[in-house]
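What follows is the residue order along each chain.
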Amino acid sequence: MSKTLIEQIEEAVTKDDFEPLAAQLNVEINKRQGVETIRAELLEAAEGLAEKGVTTSSELDPDAGDPDASNEPAPEKPKYQGRMLKHIKNGRTFPWTAALAKSRHMKEV
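Residues numbered from 1 in each chain as written. Predicted model: local features only at pLDDT ≥ 70, side-chain atom pairs only at ≥ 80, totals over all residues. Heavy atoms only, no water.

## Section: the confidence of the model for the chain
Threshold: For every residue, the predictor reports its confidence as pLDDT, a number between 0 and 100. Strands are runs of DSSP state E lasting at least 2 residues, helices are runs of H or I lasting at least 4, and numbering of each runs from the N terminus.
For the chain, the mean per-residue pLDDT works out to 83, and 82% of the residues sit at or above 70. Across the chain, the element-wise mean pLDDT spans from 62 in helix α4 (residues 57–60) up to 95 in strand β1 (residues 84–87).

## Quick look at the pattern of salt bridges
Filter applied, for reference: One side-chain nitrogen of Lys or Arg within 4 Å of one carboxyl oxygen of Asp or Glu is enough to make a salt bridge. Accessibility here uses a 1.4 Å probe with only protein chains present; expressed as a share of the type maximum, an area under 20% marks a residue as buried, one over 50% as exposed, and anything in between as partly exposed.
Scanning all chains against the criterion turns up 4 salt bridges. In this structure, the salt-bridge partner of D16 is K31, at a minimum N-O distance of 2.6 Å. With D16 in helix α2 (residues 15–25) and K31 in the loop between α2 and α3 (35–51), this residue pair connects regions lying 15 residues apart in the sequence. In this structure, E108 and R83 form a salt bridge, with 2.9 Å as the shortest nitrogen-oxygen distance. In this pair, E108 is assigned in strand β3 (residues 106–108) and R83 in the loop between α4 and β1, connecting sequence segments 25 residues apart. A relative accessible area of 44% places E108 in the partly exposed class. With a relative accessible area of 44%, R83 lands in the partly exposed category.

What follows is the structure, given as structure tokens:
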């Protein structure tokens, strides 16, 4: 059985743990605030929903528990099409810059 929103908020440890919960509750969090302050704001919003009868994230948003429900692939980042330099010793490639091109360990590919 899924945990209630209040249980999820109470179990969250870091500010990053609060982000998905805040998105579900439509609450904007400020990461400059402390963890306990953010927790208090989210608990207040969750308790307001609990009074209306919404206690789990699945009741709030049916697709929230299933990240593959959208079936949209992540957009691919276009690859760099310009000049490239390769490091002779370790084989890594970098976009061409004048400063890197002057280095004796770099060759153009």
